[in-house]
Each structure stands twice: as structure tokens, then as C-alpha cells.
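Results of the structural survey
For reference, the chains in residue letters:
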Amino acid sequence: MPYLGAAVALLIAAEAASQRIPPAAGAQWFGPLSGLHAYILRRWGLGPDEDLSDLPVPDGFKLLFRDWATRQADFVSP
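Predicted model, so just to flag it, every value in this text is computed and none were measured. (Residues numbered from 1 in each chain as written. Predicted model: local features only at pLDDT ≥ 70, side-chain atom pairs only at ≥ 80, totals over all residues. Heavy atoms only, no water.)

Turning to the packing of helix α1 (residues 2–16) against helix α3 (residues 59–69), a few remarks are in order. At a minimum axis separation of 12 Å, α1 and α3 run at an interaxial angle of 15°. Taken together, α1 and α3 sit at an angle that is classed as roughly parallel. Our pair here, α1 against α3, has a crossing hand that is left-handed. On α3, the residues touching L4, A7, V8, L11, A14 and E15 of α1 are F61, F65 and W68. (Axes fitted to C-alpha atoms, helices over the stretch in contact; angles between N-to-C directions. Helix = DSSP H or I, 4+ residues; strand = E, 2+ residues; numbered from the N terminus. Parallel < 35°, antiparallel > 145°, perpendicular 65-115°, else oblique. Left-handed = near helix turned anticlockwise from the far one by under 90°. Contact = heavy atoms within 4.5 Å.)

Okay, structure coming up:
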């Protein structure tokens, strides 16, 4: 559950970011949340070919996170 909470907070921040510039350090910059790097890049249109890893979240959230990455779901906008 801590991973889920941190992941949602990070994805909300990424969705609301006015500047969409990934960290120079790449996925490692996100530490334990590095699996979200490809999701953010896909959401921002910067890594459409990146593989979306299987995240350690409850099954009910896995599809939601994939939908978020492909802009089929939002956490900030209605």
C-alpha cells in the first residue's frame, strides 16, 4: 500500500507538471518508483515504445495505471 500511495502521488505530479522534462538520471532518479518512469514518458508522449513494467500494485490499479500512461484516464482532470 505505501508503494501505491507514493505511485499515485508521483503520477498526479507528473500529470500536473507544466514542464515535461524527464530527469537526466533516467529511471534511477525515481528510486523505488523507477518502474513508473516508462509510464510517465508514455503519458508525456516521450516514450511511446517504452515497455510498461508490471507494477507492485493491487490488480485493480494495474489497468488504471496503464490507461493513465496512454491518456485514457486522468488523476487530475475530470
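Below, the discussion takes up the pattern of salt bridges. Under the counting rule described, the total for this entry stands at 3 salt bridges. We note a salt bridge from D74 to R43, for which the minimum N-O separation is 2.6 Å. You can see D74 sitting in the segment after α3 and its partner R43 sitting in helix α2 (residues 37–43), a full 31 residues away along the chain. Note on D74: relative accessible area 35%, which makes it partly exposed. (Salt bridge = Lys/Arg side-chain N within 4 Å of Asp/Glu carboxyl O. Buried < 20%, exposed > 50% of the residue type's maximum accessible area, 1.4 Å probe, protein only.)

Next up on the list: α3. Looking at α3, one finds that the buried residues are F65, W68 and A69. All buried residues of α3 fall inside an arc of 95° around its axis, so they share one side. For α3, the exposed residues set more than 90 degrees away from the buried face come down to D59, G60 and L63. Contacts from the buried residues of α3 go to α1 and α2. Of the residues one or two after α3, R71 is the one with positive phi, at around 65°. (Arc of directions from axis to C-beta.)

With that settled, consider unusual backbone geometry. For residues other than glycine, phi is negative in most cases, and the peptide bonds are mostly trans. Residue R71 is not a glycine yet carries a positive backbone phi of 65°. Its location among the elements puts R71 in the segment after α3.

The next subject is the nonpolar core. Ranked by size, the top nonpolar core spans 19 residues in total, and within it Y3, L36, Y39, I40, L55, F65 and W68 carry the most contacts. Secondary structure elements with two or more residues in this core: α1, α2 and α3. Those residues within four positions of F65 in sequence are excluded, and the remaining contacts are L4, A7, V8, L11, L36, Y39, L55, V57 and F75. (Core = buried A, V, L, I, M, F, W, Y, C linked by side-chain atoms within 4.5 Å.)

Next up on the list: the packing of aromatic side chains. One pass over the full model with this rule turns up 4 aromatic pairs. Seen in terms of ring centroids, W29 and F30 are 5.2 Å apart; in terms of plane orientation they differ by 90°. Their pairing is edge-to-face. Take W29: its relative accessible area is 56%, and that puts it in the exposed class. For the pair F61 and F65, a centre-to-centre distance of 6.4 Å together with 65° between the ring planes defines the contact as edge-to-face. Residue F61 and its partner F65 are both found in helix α3; the two are separated by 4 residues, about one turn of the helix. For F61, a relative accessible area of 31% translates into the label partly exposed. Its relative accessible area of 0% is what places F65 among the buried residues. An aromatic cluster is built from F61, F65, W68 and F75, whose rings are joined through pairwise contacts. (Phe/Tyr/Trp six-rings, centres within 6.5 Å; stacked < 30°, edge-to-face > 60°.)

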